[in-house]
Protein chains: 2
Amino acid sequence: MTETLERGQKTTVESSNPACQPGVEVEMLVREMIGCVADKWTMLILEELTEHGTVRFTRLGELVGGISQKMLTKTLRQLESNGLVKRTVYPVVPPRVDYQLTELGLSLSEAFCGVWEWAEKYHGQVSQARRAFQPLAVPSATLDSEETGGSQTY
Amino acid sequence: MTETLERGQKTTVESSNPACQPGVEVEMLVREMIGCVADKWTMLILEELTEHGTVRFTRLGELVGGISQKMLTKTLRQLESNGLVKRTVYPVVPPRVDYQLTELGLSLSEAFCGVWEWAEKYHGQVSQARRAFQPLAVPSATLDSEETGGSQTY
DNA sequence: CAGCATCCTTTTTGATACTG
DNA sequence: CAGTATCAAAAAGGATGCTG
């Protein structure tokens, strides 16, 4: 694998550099970022911030739904440290902290838009595929791993 | 948990659906899918399959890099159960199993394309933001910048 | 209200060892 | 080669108590 990542089809090819191959280094960085960003809560928070603009801590938790303060804080810190979210603290008596996307965060949110649209468009097909999927019935007593995703529909 | 989610207000295919109340149900399904798909290994595997088309098990593991057989198997099973990946077993002596994206999987891969492009385009800014982010806990003696005097909870 | 610290439970992941 | 099974380590996540 000499030619590293040619990422699908570069629609907007701004730097097709045949001679120089920043591939490997960029690849690492990109993967690291994917690892940080390809997270359930991250996507949901990003989404809510996109929809509501500036939101307070607790409110954000409510919007996301089902997230603990711990995870909310953690994910927000990560987003903040990556420059995707801006945190504003108001020195008022009942503490008030607003969160909003930065330009960078907004751009990521837009990038994720395609995934959301995909999910909205194809969730039916996925659900259908899940029901049609028969996890190869094997020997006796194979009940340890439910690695077939969340085989909740069973 | 609350279902007070009113997120779906963008490109909705729901709006053209008279006999169905979109929002809540779709929201749940979409979130569930995001939860299944917004995963590090999932994205990477999807990527490699997009790049290389049909790939064998071990080869795929090499391409992804840094993934254990366990996770590779698990993630592939999940992808398969969701109808995103097609698994082909050849009854030959040295077992051969090919993996390739389905139409659905390809569509998801394309949806993720935006995220990859984003990562390629902005990883520099993210790296920069990370270095500039100095919250409270200082790991080691880096540069001793001035006391920001902000709300330091130490 | 925001959020950190702590304890504890659940999940995830990695590292073998073992089959067909 | 392509897994499965199992154990141990690690991380994620939840609940609670405590600050300013």
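Residues numbered from 1 in each chain as written. Chains lettered and ligands numbered in written order. Predicted model: local features only at pLDDT ≥ 70, side-chain atom pairs only at ≥ 80, totals over all residues. Heavy atoms only, no water.

Some points on the sheet that holds strand β2 (residues 85-90) of chain A
Residue and element names in this part refer to chain A.
Part 1 of the argument: With respect to topology, three strands assemble into an open sheet ordered β1-β3-β2, the strand pairing being antiparallel. Sheet topology places β1 (55-56) and β2 at the edges, where each strand pairs with a single neighbour.
Part 2 of the argument: Docked against the sheet, helix α2 (residues 40-52) engages β1, β2 and β3 (96-101), running at close to 95° with respect to β3.
Part 3 of the argument: Running at roughly 110° to β2, helix α4 (residues 69-81) makes contact with β2 and β3 of the sheet. (Pairing = 2+ DSSP bridges. Helix = DSSP H or I, 4+ residues; strand = E, 2+ residues; numbered from the N terminus. Contact = heavy atoms within 4.5 Å. Axes fitted to C-alpha atoms, helices over the stretch in contact; angles between N-to-C directions.)

Some details on the protein's contact with DNA strand C
Part 1 of the argument: F57(A), T58(A), R87(A), K70(B) and M71(B) are the nearest of the 15 residues found near DNA strand C.
Part 2 of the argument: Counting only atoms of DNA strand C within 4 Å of the protein, the fraction found in sugar and phosphate groups is 70%.
Part 3 of the argument: K70(B) places a side-chain nitrogen or oxygen 2.2 Å from a base oxygen of DNA strand C.
Part 4 of the argument: At the level of elements, α3 (57-64), α4 and β3 of chain A together with α4 (69-81) of chain B are the ones that each hand at least two residues to the surface near DNA strand C. (Near = heavy atom within 4 Å. Polar contact = N/O pair within 3.5 Å; in protein donor to acceptor, adjacent residues only side chain to side chain.)

Regarding the pattern of salt bridges
Part 1 of the argument: Scanning the entire structure with this criterion turns up eleven salt bridges over all chains.
Part 2 of the argument: Residues E32(B) and R130(A) are paired through a salt bridge, measuring 3.0 Å at the closest nitrogen-oxygen approach. One end of the pair, E32(B), is in helix α1 (residues 23-37); the other, R130(A), is in helix α5 (residues 103-132), on a second chain.
Part 3 of the argument: Given the relative accessible area of 18%, R130(A) is considered buried.
Part 4 of the argument: The residue E27(B) makes a salt bridge to R31(B) at a minimum N-O spacing of 2.6 Å. (Salt bridge = Lys/Arg side-chain N within 4 Å of Asp/Glu carboxyl O. Buried < 20%, exposed > 50% of the residue type's maximum accessible area, 1.4 Å probe, protein only.)

Some words on the side chain of E47(A)
Part 1 of the argument: The topology assignment puts E47(A) in helix α2.
Part 2 of the argument: Within the local environment of E47(A), its side chain forms a polar contact with the side chain of W116(A), the two groups lying 3.2 Å apart.

Focus on the interface of chain A and chain B
You'll often see interface size given as the accessible area lost when the parts meet.
Part 1 of the argument: On the side of chain B, 62 residues touch chain A, which itself brings 61 residues to the contact.
Part 2 of the argument: The contact between chain A and chain B buries some 5,800 Å² in all, and 65% of this surface belongs to carbon and sulfur atoms.
Part 3 of the argument: Among the secondary structure elements, those contributing two or more residues to the side of chain A that touches chain B are α1 (23-37), α2, α3, α4 and α5 of chain A.
Part 4 of the argument: In terms of residues, the side of chain A that touches chain B owes the most to one element, α5(A), which gives 20 residues. (Buried area = accessible area lost by both parts, 1.4 Å probe.)

What about the sheet that holds strand β1 (residues 55-56) of chain B?
Residues and elements named next belong to chain B.
Part 1 of the argument: Strand order across the open sheet formed by three strands is β1-β3-β2, with antiparallel pairing between neighbours. Both edges of this open sheet fall to β1 and β2 (85-90), since each of them pairs with a single strand only.
Part 2 of the argument: Both β2 and strand β3 (residues 96-101) contribute to a ladder of six bridges, which runs antiparallel. Counted as the bridge partner of V85 is L101 from β3.

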